[in-house]
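Close look at the chain arrangement
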Amino acid sequence: MIRSLSGNRAFVLGAALVIAVLMPFVVQDTYWRHLFIIAFIYAMVASNWDLSLGYAGIFNFGHVAFFGVGVYAAALSTKFLGADPWIAIFLGGVAASLAGALVALPVIRLKGIYVVLVTFAFGQLVLQLVLSQSEITGGTQGIVRIPALEAFGYNFLRDFKFGYYYVALGLLVISTIFLRFVVRSDFGMSLRALRDNEEYAVARGIPTGLQRLKVLVVSAFFTGVAGGFFAIYLRVASPEIFGFPVQSLVLSMVLVGGTGTIYGPIAAAVILTFASEMLGSIEGLDEGRVMLIAVAMIIVLLFFPNGLASIWRRRAQRAALADSADKAVAETRLIENSAGASR
Amino acid sequence: MMSLDAFSALLVSGLVLGSIYAMMASGLSLVWTTLGIFNFAHGVFMALGAYVAWTVSDAAGLNLWLGFAIAMSVAFMAGLGILIERTVVRPFYGQRDMLLITVMTTLAVMMFLEKGIQMLWGPRLKQLRPIVEGKVSLLGITISAQEAFIIVIAPLVLAALWAFLRWTSTGRGIRAVGQNPDAAKLIGINASAMFAVTFALSAVLAGFTGILLGSLRLLTPGLGAEPLIKAFIIVIFGGMGSLAGTIGAAYIIGLVEAFLITTVGFYWAPSALFIILIAVLLVRPEGLFGRRVA
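Residues numbered from 1 in each chain as written. Chains lettered and ligands numbered in written order. Predicted model: local features only at pLDDT ≥ 70, side-chain atom pairs only at ≥ 80, totals over all residues. Heavy atoms only, no water.

As annotated in an unreviewed UniProt entry, chain A carries the name Branched-chain amino acid ABC transporter permease and comes from Aminobacter carboxidus. Comment text from UniProt for chain A, heading Subcellular location (unreviewed entry), reads "Cell membrane". (UniProt positions renumbered as here; feature names shortened; annotations may be inferred.)

Have a look at this one:
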């Protein structure tokens, strides 16, 4: 049963990947491709957020700030260091990881709500830094005219974002494979052990502080890469990315997708990016969509506190239960039969 | 050395900030100790209280009506507080991840109300008339009467809150539920009513703070965002769970912030404050006045 389930999942994943790869051949429209690119970027941020929030159980509310750090690191390195855009994307990841290490300093000593408050305050702090250092960061205006991607003389602005689409998809795939690897490694298991039973995990010799530091650095890396790509792709870096709307949009992706899963937030990112865009295009709903998303978030939490992915999982569990029940019935019959035979 | 005038100016602006922060943070801290949740919508409650008061007083067009406006706003906030407790907090009591889930639901409420305010009242900038007009001379410097009023009213409001929690049966019920909900239920305290009262009380405190701040600053939907972050820092600083610690920390942070603004400048003050916070937490993870819990 379990084997057939994972086979089922592998099929769904493979199909999703094939569809994603073929998509640009079907969708020729720049705007629709743009939406996919944005969705892939958010998917990276949301699924990496889930590594610290869902798997490690750290109430990290500064994750979007890591994304913002990536955006600004990439933008600033092209502007002041003259870095190649490809290098700048990578530097975004490095800078975000450094920010993760910085946040980890207080976080490893704190628990519960204190972690929420410190990480939340960290995001606001980065925003205020960006706004106040306007001679470097451009303040509320942001940084504009960031150079576009180029490879072997091919400018990615050409062909209706065809190239950008595959860069975004490629980054998402690499990030997802990386996340799977992390989650299944000993390190990933130790994180879950700390989340579920900290005393026991510590008694078994898992160093709480070190693992928390590592997970924040690791989960920040691809978030920063996503941020770097975001800046290079849109060719602007604006302080709006630190604001509540982005924060709550990505958070709702993690929540709706389900904490403690990799694919849930990715699927939710794609669905919510498009849903939010559709709502925005309806006349008169442009402004109100934030309110609708807020209501949807509350409703999802009321009825599916573990996210929409839990529906899938619950069904699988029920199937597994039914299966084991069948087996039990079969076994009892067998015993009865053999008892009857011996009689 | 700083001159005496500069020092008293610093003291007065620190006291104004401290008073605002103390009223804001005490509501947040009250909800935390009683319900065990952290209300991220607390900041937008502040903005909403100010907007409701503005609508009532602006419609009447008279300063005389400001008292009525405050009363209306207070009543509105109490109702809203109860409504929000019922809809987005109550369903999650006793759940394992209650703390995390309610952070998200209150964040959603914040998004909803902030956007709602923006849509309902529009982008035009508004300002509340001061409750008291004129200037007051204090410690050798002149400040607006409104600022003096804030310095005076905040300790009175906080003392009233303290007296309510200490001497009334409802107040004692709230504290009992906060300390041990099961035991409180056993001796016949209606815990769910206490939760609703606490939430309403905290919303009223936030709304009233918003009215006070709304005559010093321009009204925007995000009026409460920056004070909310400060209130977070204060509640951590004061050690969670003690009202006196929270209030003490509020005045300390207010004074420190006023000092930082004059020394490192307006833009660097929040960063400096954050670094101080982290330094304090590294030495005392339980907060400045908090007791070490095993």
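1. Focus: helix 4 (residues 98-121) of chain B
The α-helix winds at 3.6 residues per turn, so residues separated by three or four positions along the chain end up facing the same way. Residues and elements named next belong to chain B. Relative to the 34 Å expected for 24 residues at 1.5 Å per residue, helix 4 spans 33 Å between its end C-alpha atoms, a close match to the ideal helical length. Most of helix 4 is tucked away: 19 of the 24 residues are buried. After helix 4 finishes, the residue glycine 122 shows a positive phi value of roughly 75 degrees. (Helix = DSSP H or I, 4+ residues; strand = E, 2+ residues; numbered from the N terminus. Expected span 1.5 Å × (residues − 1). Buried < 20%, exposed > 50% of the residue type's maximum accessible area, 1.4 Å probe, protein only.)

2. Side note on the packing of aromatic side chains
As enumerated under the stated definition, the model contains 27 aromatic pairs over all chains in all. Judged by centre distance (6.1 Å) and plane angle (70 degrees), the ring pair of phenylalanine 36 of chain A and tyrosine 165 of chain A falls under edge-to-face. Placement of the pair is phenylalanine 36 of chain A in helix 2 (residues 30-55) and tyrosine 165 of chain A in helix 7 (residues 162-184), with a sequence separation of 129 residues. With 5.0 Å between their ring centres and 40 degrees between their planes, tyrosine 51 of chain B and tryptophan 121 of chain B make a pair best called tilted. Separated by 70 residues along the polypeptide, tyrosine 51 of chain B in helix 2 (residues 42-60) and tryptophan 121 of chain B in helix 4 bring together distant segments of the chain. Judged by its relative accessible area of 1%, tyrosine 51 of chain B is buried. (Phe/Tyr/Trp six-rings, centres within 6.5 Å; stacked < 30°, edge-to-face > 60°.)

3. Here we look at the UniProt feature "transmembrane region" (unreviewed entry) in chain A
Residues and elements named next belong to chain A. As recorded in UniProt, the feature "transmembrane region" (unreviewed entry) lies at residues 7-25, 31-49, 56-74, 86-105, 163-183, 213-234, 254-278 and 290-312. Counting secondary structure, residues 213-234 comes out at 100% helix and 0% strand; the distance between its end C-alpha atoms is 31 Å. Annotation note: span residues 254-278, helix share 80%, strand share 0%, distance between end C-alpha atoms 20 Å.

4. Things to note about the nonpolar core
Grouped together as the largest cluster of nonpolar side chains are 201 residues, with contacts concentrated most on Phe229 of chain A together with Phe45 of chain B. Top element by residues in this core is helix 2 of chain A. It accounts for 15 residues. Not counting residues within four places of it along the chain, the set of residues in contact with phenylalanine 45 of chain B comprises Asn39, Met77, Leu80, Ile84, Leu113, Phe199, Ala203, Ala206 and Gly207 of chain B. Of all hydrophobic cores here, the second largest spans six residues; its members include Val16, Ile143, Ala148 and Ile151 of chain B. (Core = buried A, V, L, I, M, F, W, Y, C linked by side-chain atoms within 4.5 Å. Contact = heavy atoms within 4.5 Å.)

5. Concerning the environment of leucine 99 of chain B
Relative to the assigned elements, leucine 99 of chain B resides in helix 4. Of the residues examined, leucine 99 of chain B reaches a relative accessible area of 16% and is grouped as buried. Between the C-alpha atoms of leucine 99 of chain B and valine 89 of chain B, which are 10 residues apart in sequence, the distance is 9.9 Å. Excluding anything up to four places from it in sequence, leucine 99 of chain B contacts Phe59, Gly112 and Ile113 of chain A together with Trp32 and Gly36 of chain B.

6. A short note on unusual backbone geometry
Residue and element names in this part refer to chain A. Phi at arginine 235 takes a positive value of approximately 65 degrees, unusual for a residue other than glycine. With respect to the secondary-structure elements, arginine 235 resides in the loop between helix 10 (208-234) and helix 11 (244-257). On the basis of relative accessible area, arginine 235 is assigned to the partly exposed category, the value being 32%.

7. A few points about the packing of helix 5 (residues 145-167) of chain B against helix 8 (residues 191-213) of chain B
All names here are of chain B. Packing of helix 5 against helix 8 leaves a shortest axis separation of 11 Å and a crossing angle of 170 degrees. One finds that helix 5 runs roughly antiparallel with respect to helix 8. Between helix 5 and helix 8, the contacting residues are Gln146, Phe149, Ile150, Ile153, Val157, Leu161 and Phe164 on the first element and Leu201, Leu205, Phe208 and Leu212 on the second. For the contact of helix 5 with helix 8, the class distribution of residues is 10 nonpolar, one polar and no charged. (Axes fitted to C-alpha atoms, helices over the stretch in contact; angles between N-to-C directions. Parallel < 35°, antiparallel > 145°, perpendicular 65-115°, else oblique. Nonpolar A, V, L, I, M, F, W, Y, C, P; charged D, E, K, R; others polar.)

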